Amino acid sequence: MKTVYLETFGCQMNELDSELVRGHLESIGYGFTSRPDDAQILLFNTCSVREHAESKAYSRLGIVGKRKKSGEELVLGVLGCMAERDGVDMLRRYPQVDLLCGPGELDKLPMLIDNVARTSSLGDDPTGEHGRVALAGSTSRRSAALSATKDDLETLDLARAFDPDRATSAARSAYVRITRGCNKFCTYCVVPHTRGAEVHRPPDSIVEECRRLARAGVIEVTLLGQTVNHYRYHHGVALTIDGRESPQIGPGLTAFRNEPLEDDDVTTFARLLARIHDEVPELARIRFLTSYPRDFGDDVLAVMASRPRICRYLHVPVQSGSNRILKLMNRGYTVEEYLEFTDRVLAHLPDASIAGDIIVGFPTETDEDFEATKSLLRRVPFKNNFIFKYSPRPGTAAISRFDDDVPEAVKKLRNNELLALQAEIGAAVHANWIGREVDVLVERKTNRRPADAHQRSSADARVSLGVGLTAHRGSEADARTEPVQVSGRTKGDLITVFDVADADSADAMIGRIARVKVDGSGPLLLRGRLLETG
Ligand code: SAH
Ligand code: SF4
Ligand code: F3S
């Protein structure tokens, strides 16, 4: 049996893709290892969103290249967005790469591996000749549109074999794709180029997938799309050969004007959320990522407000607080419209958490633009913001239109300044919850020992220094009976830590919902006391 090592870079889409690829390969007999040295097939599922993400993958390719040079017989595959963006150029520059597979071709990966293996020494090819293969480019916009009606990728999502022990958070939590690709073309962004045109999955497939996950023990699903609120499915338009509805190209933004609230021909994002909530009652939590600050109707907020198992959490990146920069980014909204939106969210859902992304150092960003971003941050109760330094990406509009003219040192300063400001805002948001009770979906044990346990174990460590191995072993056994800290998330996605009696009760609690009284907080988390486990 050939053993595979699969490493994932980038966003949740990639994590889900890796999970599907792994399930697919396992179902046809491949084994997996978490140690690259034990594998004959090494796959890197890559990200192109910033240069830094690509460099990490390139350094891995370098390491595998050295192993191959020293005579090891390995298959090296690059999957995901870099395979799509860099394409054949990468094959030319990196002779150690045997196969490329873009995100739109992952269903064909077994065939690609097979082809490489058959023509290489791994497959006992007497000549030792190497067949290098590439399947990328299918997410180029035209062919994505053409292939949307083909069911291949859809099959990969539908055929998933969810293994709760390997779930992303090991906490009975799973990602479910609702939309592939993106039609927005923000000027800095590679995603529309690597993931192709927006294609919506049929609602019946999505609901069925949620149902099957719930049956396999999942209690939380996170619906994934680059702009989830643009989800829109027209019924009766496209069917597969066996009469099922097939994935569908996004309709364009005009579709969001005067949205009809009840129209049997269309499933909007609001109706999709309502269907999942109502038709899969076993799901304790339904969340979604990422929301776009435009075209987010009151219909979605009303569905959220009336359905308690939908999480009160919106990740809705603003990117900049300067209207001038937003325009250069082609975001299609103003700061005022963003604020109108977040105010509307909090009016409907006062307990909702809002998080976002910000890019600093976009070309031409002045101190004044940056000040505007700081003012926006002060205006919205963001629980957190991911802050990125602008990274010019090949193939995007921004790299051809603008010089990357904000010096790295200025980007760094702005980045740090925003991190500090966000820490203040985050601290205030989290402190607001002190004294309240929250439901926490427990995800993992933290490395931190509760304070009293820590004191005890360092006393043990001192003893073990003097008495040697026996005393040390004793302290390890004690560790099972010492209090342990666990971490999870509230319905508003606030990270919450609390102590439980010992490691066994911590293990038993993972993947369950605990009632916790909040008695402390920090910029990024709540601290609490366990009341009961559901
Ligand atoms: N679809 C999501 C974001 C996907 S990419 C949305 O529109 O909100 C995730 C984040 O990476 C973006 O929100 C943006 O903040 C950041 N990002 C994308 N391209 C970037 C670039 N070229 N340089 C720096 N940050 C970038
Ligand atoms: Fe990129 Fe903009 Fe699409 Fe988000 S909405 S993936 S930032 S192009
Ligand atoms: Fe990266 Fe592709 Fe996701 S570029 S952020 S892995 S969609």
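Computed from a prediction, not measured in an experiment: that's the story for all the values here. In this numbering scheme, every chain counts its residues from 1 along its sequence in written order. Chain A is the first chain written and ligand 1 is the first ligand written, with later ones labelled in order. Local features in this predicted model are restricted to residues of pLDDT 70 or higher, and side-chain atom pairs are both shown and tallied only at a pLDDT of 80 or more, whereas totals for entire chains, interfaces and linings draw on every residue. As a rule here, side-chain values come from all non-hydrogen atoms in the structure, and water together with hydrogens is ignored.

Judged by nonpolar contacts, the single largest core of 68 residues is most densely connected at Leu223, Leu273 and Phe288. Numbering goes from the N terminus for both helices and strands, where a helix is a DSSP run of H or I of at least four residues and a strand is a run of E of at least two. Take this core: its biggest share by element is six residues, from helix H9 (residues 269–279). The contact criterion used throughout is that any non-hydrogen atoms of two residues lie within 4.5 Å. Apart from residues no more than four positions distant in its own chain, Leu273 is found in contact with Leu223, Ile286, Phe288, Val300, Val303, Met304 and Ile310. In these notes, a set of buried Ala, Val, Leu, Ile, Met, Phe, Trp, Tyr and Cys residues joined through side-chain atoms within 4.5 Å is what counts as a nonpolar core. For every residue, the accessible area obtained with a 1.4 Å probe (protein chains only) is divided by the maximum for its type, and the residue is called buried under 20%, exposed over 50%, and partly exposed between those limits. Of all hydrophobic cores here, the second largest spans 29 residues; its members include Leu16, Leu20, Ile41 and Leu79.

We define proximity as follows: a residue is near a molecule or strand when any one of its heavy atoms falls within 4 Å of that partner. Taken together, 15 residues sit near ligand 1, with Gln226, Pro317, Gln319, Asp357 and Ser391 positioned nearest. In protein, a polar contact means a hydrogen-donor-capable atom and an acceptor-capable atom, both N or O and within 3.5 Å, with residues adjacent in sequence counting only if both atoms are side-chain atoms; elsewhere, any N or O pair within 3.5 Å suffices. Here an oxygen atom of ligand 1 and a side-chain polar atom of Arg50 are 3.0 Å apart. Tyr188 places a main-chain nitrogen or oxygen 3.0 Å from a nitrogen atom of ligand 1. Computed with a 1.4 Å probe, the accessible areas rest on the Shrake-Rupley method; for each residue, only the protein chains presented here act as cover. Starting from 540 Å² of accessible surface for ligand 1 in isolation, the protein chains cover 91%. Residue assignment for the shell around ligand 1 shows that the elements contributing at least two residues are strand E16 (353–360) and strand E17 (382–389). A breakdown of the residues in the shell around ligand 1 according to their chemical character gives six nonpolar, four polar and five charged. Residues are grouped as follows: Ala, Val, Leu, Ile, Met, Phe, Trp, Tyr, Cys and Pro are nonpolar; Asp, Glu, Lys and Arg are charged; every other residue, Gly included, is polar.

Below, the discussion takes up the sheet that holds strand E8 (residues 179–180). In this scheme, strands are said to pair when DSSP sees at least two bridges between them. Spatially, three strands are ordered E8-E9-E12 in an open sheet, and the strand pairing comes out antiparallel. This sheet does not close on itself; its edge strands, each paired only once, are E8 and strand E12 (248–249). When strand E9 (residues 199–200) meets E12, the two strands line up antiparallel, connected through two bridges. Bridged to His200 within E12 is Gln248.

As a further point, take the site of ligand 2. Around ligand 2, the neighbouring residues are Cys182, Lys184, Phe185, Cys186, Tyr188, Cys189, Val191, Pro192, Gln226, Thr227, Tyr292 and Arg331. Across the shell around ligand 2, the residue classes tally to eight nonpolar, two polar and two charged.

For the rest of this paragraph, the subject is the pairing of strand E21 (residues 513–521). The side chains of a regular strand alternate, residue by residue, between the two faces of the sheet. Two strands pair when backbone bridges link them, and strand E18 (residues 437–445) and E21 are joined in this way by five bridges, in the antiparallel orientation. Residue Leu441 lies in a different strand from E21, and its bridge partner there is Ile513. In terms of strand pairing, E21 meets strand E22 (residues 526–533) through seven bridges, oriented antiparallel. Bridging across to E22, Ser521 finds its partner in Leu526. Counting the residues that bridge the hairpin from E21 to E22 gives four residues.

In this section: the packing of aromatic side chains. Working definition: a ring pair exists when centres of Phe, Tyr or Trp rings (six-membered ring for Trp) sit within 6.5 Å. Plane angles under 30 degrees give stacked, over 60 give edge-to-face, the rest tilted. Evaluated as defined, the whole model comprises eleven aromatic pairs. Seen from their ring centres, Tyr5 and Phe44 are 6.3 Å apart, and the 70 degrees between their planes marks the pair as edge-to-face. On the criterion of sequence distance, the pair formed by Tyr5 in strand E1 (residues 3–8) and Phe44 in strand E3 (residues 41–46) is long-range, its members being 39 residues apart. Overall, Tyr5 belongs to the buried group, its relative accessible area being 12%. With a relative accessible area of 2%, Phe44 lands in the buried category. By the criterion adopted, a ring carries a charge over it if an Arg CZ or a Lys NZ lies within 6 Å of its centre and within 35 degrees of its normal. A cation over a ring is seen here: Arg50 above Phe388, with NZ or CZ 3.7 Å from the ring centre. If you follow Arg436 out to its NZ or CZ, it ends over the ring of Trp433, 4.0 Å from the centre.

Taken in spatial order, the three strands line up as E7-E10-E14 in an open sheet, and their pairing is parallel. Two strands lie at the open edges of the sheet, namely strand E7 (173–177) and strand E14 (285–289), each paired on one side alone. Strand-to-strand twist across the sheet, computed as the mean angle between neighbouring axes with direction ignored, equals 25 degrees. When E7 meets strand E10 (residues 220–224), the two strands line up parallel, connected through five bridges. Within E10, the position partnered with Tyr175 by the bridge is Thr222. Axes, fitted as lines to C-alpha atoms, cover a helix only where it is in contact. Angles between the N-to-C directions of the axes lie from 0 to 180 degrees. Contacting E7 and E10, helix H8 (residues 203–215) runs over the sheet at an angle of about 165 degrees to E7.

In this section: the side chain of Asp157. Structurally, Asp157 is set in helix H6 (residues 152–158). Of note is the side chain of Asp157, whose polar atom sits 3.3 Å from the side chain of Arg177. If near-sequence neighbours (up to four positions away) are discounted, Asp157 is found in contact with Leu16, Leu20, Arg177, Arg180, Arg201 and Glu209.

Here we take up helix H10 (residues 298–306). Because the α-helix completes a turn every 3.6 residues, residues three or four places apart line up on one side. Taken residue by residue, H10 has Asp299, Val300, Leu301, Val303 and Met304 as its buried positions. If you follow the buried residues of H10, they end up packed against strand E13 (266–268), H9, E14, strand E15 (313–315) and helix H12 (335–348).

To continue, consider the side chain of His200. Within the fold, His200 resides in strand E9. With relative accessibility at 0%, the residue His200 sits in the buried group. At 3.0 Å, the side chain of His200 forms a polar contact with the side chain of Glu198. Leave out the neighbours within four places in its chain, and His200 touches Ile178, Thr179, His230, Tyr231, Arg232, Tyr233, Pro247, Gln248, Ile249, Gly250 and Pro251.

Counting buried positions along E16 yields eight of eight residues, so the element is predominantly enclosed. Burial of the side chains of E16 extends over both faces: Ser353, Ala355, Asp357 and Ile359 are buried on one face and Ile354, Gly356, Ile358 and Val360 on the other. The pairing of E15 with E16 spans three bridges and is classified as parallel. Residue pairing for E16: His315 is matched across the bridge by Ala355. Pairing geometry for E16 and E17, over seven bridges, is parallel. The residue of E17 that forms the bridge with Asp357 is Phe386. Here is how to tell: hold the view so the strands point away, follow the path from the first strand over the helix to the second, and if it runs clockwise the crossover is right-handed. Note that the unit made of E16, helix H13 (residues 367–379) and E17 has a crossover that is right-handed.

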